[in-house]
Amino acid sequence: LTGLPPPPPPPKHSEAEFGNIDTNKDGHVTEPEMLAYVRDQEKKENAEDPERIPLTESEIVESVTELFGELDTDKDGKVFFPEFFEVQYDVPRARQDEKPSDGDTPKVAAQAA
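K.L.:
Just to check I follow, could you spell out unusual backbone geometry for this structure?
P.N.:
Where the residue is not glycine, phi is negative for most of them; where a peptide bond is considered, it is trans in most cases. Positioned with a positive phi, Lys25 is a non-glycine residue whose angle comes to about 55 degrees. Examined against the element boundaries, Lys25 turns out to sit in the loop between helix 1 (11-21) and strand 1 (28-29). The exposed category is assigned to Lys25, whose relative accessible area is 56%. A positive phi angle, close to 55 degrees, is found at Lys75, a residue other than glycine. Here Lys75 shows up in the loop between helix 3 (57-71) and strand 2 (79-80).

K.L.:
When you look at helix 3 in this model, what are you seeing that I'm missing?
P.N.:
Helical periodicity: at 3.6 residues per turn, an α-helix aligns residues three or four positions apart in one direction. For helix 3, spanning 15 residues, the distance from its first C-alpha to its last is 21 Å, which sits close to the expected 21 Å at 1.5 Å a residue. Listing the buried residues of helix 3 in full gives Ile60, Ser63, Val64, Leu67, Phe68 and Leu71. Down the axis of helix 3, the buried side of the element spans an arc of 125 degrees, and every buried residue falls inside it. Exposed side of helix 3, more than 90 degrees from the buried face: Ser58 and Glu62 are the residues found there.

Reading the values: rules and limits
Residues numbered from 1 in each chain as written. Predicted model: local features only at pLDDT ≥ 70, side-chain atom pairs only at ≥ 80, totals over all residues. Heavy atoms only, no water. Helix = DSSP H or I, 4+ residues; strand = E, 2+ residues; numbered from the N terminus. Buried < 20%, exposed > 50% of the residue type's maximum accessible area, 1.4 Å probe, protein only. Expected span 1.5 Å × (residues − 1). Arc of directions from axis to C-beta.

Encoded structure:
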């Protein structure tokens, strides 16, 4: 099937991604942690591709603020893995033990890119 995005990573990969964002390993992600992660990813991508047009600091902050607001479904200022997984892979919590469908794509990669 051409033109379709690749399937999302399996849940173990999403747990590792969540762990990379949760820098203090307290089991949840805060907006400052997410901002630091996206800034780091932006630096890495710019270093790998000198032709890439880098995001401005205000674009990074705006993107993270919007994404965090979407991820923090219960609006407690913390994103726990079920919230992260549900929003990133469009998998309702009741189905999180199932494999995401092929049409689901992770949003953090697209927005952090």
